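For reference, the chains in residue letters:
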Amino acid sequence: MTTTCSRRYIGLQLYKYASCRFKATMAAILTPECETEHVKSFEDIPGPPSPPFLGALVNHFPFGAFHGKTPPQIYEMCRQKYGDIYKERIFHFSFVHLFDPDDFETVFRADGKYPIREAFMTLTHYNKKYNGNVQGIITSQNETWQKLRSTFQQKMLRPKAVAAYFDEQSKVADELVEKISRTKCINGIIEDLRSDLTKFATEGIGLVCFNKRFDLLLSKEENAEARQFLYSVRVIMETTHNEFRRLPFYKLFETSSYKEFVKAKIFVKEMANKYSKQALKEMEERSKDGTEVDGENGDLIPYLMSKSSLTEEEVFKVISEFILVGVDTTSHHIAYMLYLLGTHPEVQEKLYEEMSRHIDNTLSIDNLQQMTYLKAVDKEVHRMLPVAGGTIRRLTQDINLRGYHIPAGTTIAVHWEQSMLDEVNFKDALSFKPERWLRENADRKEIHPFAAIPFGVGQRSCIGRRFAEQETFLAVVKILQSYEIEYVGEELKLDYGVNVAPATKMRFQFTPRNPKD
Ligand code: HEM
């Protein structure tokens, strides 16, 4: 009885909290007319000099204030100077930069029916020019985006659909462990784990997209297609990043870097098409045996190609996007998790103890679900070393932020990388403390729900999240089952491209838990 009452009480408090927040947010979105006179204009928002035409881009030129600085250094510099909101103009686009979780909440709640995120401009342009303007989930907007998103989401975010890949992903994780045991030198050291983690994540995407293995981890034969594929992904990501802060000459004529991009894109597209068709053929075989194809038995893509209202071109497009955004994100995140575990032996030991308590012989989905410390470690890794430092939204309606009027059409940059390391939001923010995420920790309630959102929020948040989590958990748990790990490389440096990548070699020492290994 007491428990029921206290649950009701907590429920009521949560409801009050949520409705208060909602009212406050709505007030920020829709300011009554009588209050608008106190609202400052968009022009009043402070920010770095943005001279005509090039705008704030000039700050990145040699002798400019931002030259040679990393994006987080630039954001921090501007934040110190202008506060928790500042604006800059690049060409004719205005960007408003935000750092406070309350403001993130206002922006995401104003997302509307079709949240707009205009990133990957080179890809959008490529699709217009070379792909009959068929865009994927990442590059499309409005109704087109909604149609793609809702069709894929129905299957990709369902636990059952993700669980269907567990056994195969588990085998890939075993191969990663085997690869580590074959590669490590006599003293257990692997000089750089990054390429094996990329191969591991590529296998993961191969499974999700085509139910196919590329055999990249253990095969002794050189796989030329895979090599070309990995190279192409790199070219696409690098060009996408580099072109973002350049004049978009590629729209007028094909610059040499854009030509490379197109070549790489065509390669990925052809590969995606080839394997999608193979997967479809296999599905047809399975259907003949009477096996049901429902998109939840590891047959997601063939299902979408044959049973959804999407065209083959649309499905292929989305698949090639998954390949682009699903490999580096997951592999970098696993690298960061191993890095933080490898530099915090006490956390590693606590995680290993939890694993020993939950896993008997073979690792199952239920085991993973029960491991609360593993999930806390994962969250804390995302907080300290996020693969994506933030996201952007183009406002679909006017809002007020921090007393300023922000008109619809403005692009907002939400910098959660800064909010996640801010002492205001997290006690002892620069320390790796997974315990802060445990339910029994009273401080957890103090964490603002929008302060750490590494997969984004709302309808436009990451659609591959569950796959990425399952893959990460499998890799880390299986490695720790066999080895105690220590990071023995140089101080970690980061490379800020489309994703935040480890720029230093990921050098680890693997000490077998069982001395015979
Ligand atoms: C650790 C791994 C990953 C991280 C941290 C991550 C993070 C993100 C973030 C921050 C966004 C933007 C969210 C927003 O704007 O609100 C996003 C979008 C997206 N992600 Fe991921 N992601 C990961 C793995 C994956 C994987 C494995 C896939 C594919 C299987 C994937 C597919 C996508 C897609 C398609 C979108 C665009 C969604 C849309 O626009 O509707 N991601 N991801």
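Coordinates for the structure precede this section.
Residues numbered from 1 in each chain as written. Predicted model: local features only at pLDDT ≥ 70, side-chain atom pairs only at ≥ 80, totals over all residues. Heavy atoms only, no water.

Ideal geometry at a metal centre: 109.5 degrees between donors when four sit tetrahedrally, and 90 or 180 degrees when six sit octahedrally. Looking at the protein side alone, the iron atom of the ligand has one donor only, Cys 462 (SG), at 2.3 Å. By the secondary structure assignment, Cys 462 is in the loop between helix H17 (416–420) and helix H18 (465–482). (Donors = N, O, S within 2.8 Å, 3.2 Å for Na, K, Ca; no water. Helix = DSSP H or I, 4+ residues; strand = E, 2+ residues; numbered from the N terminus.)

The next thing to look at is the packing of aromatic side chains. Aromatic ring pairs are described here by two measures, namely the spacing of the ring centres and the angle between the planes. According to the stated counting rule, one finds 16 aromatic pairs in the structure shown. Summarising the aromatic geometry, the rings of Phe 108 and Phe 450 are spaced 6.3 Å apart at their centres and angled 25 degrees between planes, so their arrangement reads as stacked. Here the residue Phe 108 occupies a position in helix H4 (residues 101–109), and Phe 450 occupies one in the loop between H17 and H18, the gap between them amounting to 342 residues. Neither residue differs from the other here; Phe 108 and Phe 450 are each classed as buried. Measuring from centroid to centroid gives 5.2 Å for Tyr 126 and Tyr 130, while their planes differ by 20 degrees, and the two rings are stacked. You can see Tyr 126 and its partner Tyr 130 sitting in helix H5 (residues 121–130), four residues apart, about one turn around the helix. The class for Tyr 126 is buried, based on a relative accessible area of 1%. Accessibility expressed as a relative area gives 32% for Tyr 130, which makes it partly exposed. Stacked on the ring of Tyr 303, the Lys or Arg Lys 155 has its end atom at 4.9 Å from the ring centre. When the ring centre of Phe 426 is taken as reference, the NZ or CZ atom of Arg 383 above it lies at 5.0 Å. (Phe/Tyr/Trp six-rings, centres within 6.5 Å; stacked < 30°, edge-to-face > 60°. Buried < 20%, exposed > 50% of the residue type's maximum accessible area, 1.4 Å probe, protein only. Lys NZ or Arg CZ within 6 Å of the ring centre and 35° of its normal.)

So, about the sheet that holds strand S7 (residues 411–414). Spatially, the four strands line up as an open sheet ordered S1-S2-S7-S4, and their pairing is mixed. The open sheet has two free edges, formed respectively by strand S1 (85–90) and strand S4 (391–394), since each of these has just one partner strand. Taking the axes of each pair of neighbouring strands and ignoring which way they run, one obtains an average angle of 25 degrees across the sheet. The pairing of S4 with S7 spans four bridges and is antiparallel. Paired with Ile 392 across the bridge in S7 is Ala 413. Its contacts with the sheet place helix H3 (residues 71–82) against S1 and strand S2 (93–98), and it is angled at close to 120 degrees to S1. Those strands touched by H4 are S2, S4 and S7, and its axis lies near 135 degrees from that of S7. (Pairing = 2+ DSSP bridges. Axes fitted to C-alpha atoms, helices over the stretch in contact; angles between N-to-C directions. Contact = heavy atoms within 4.5 Å.)

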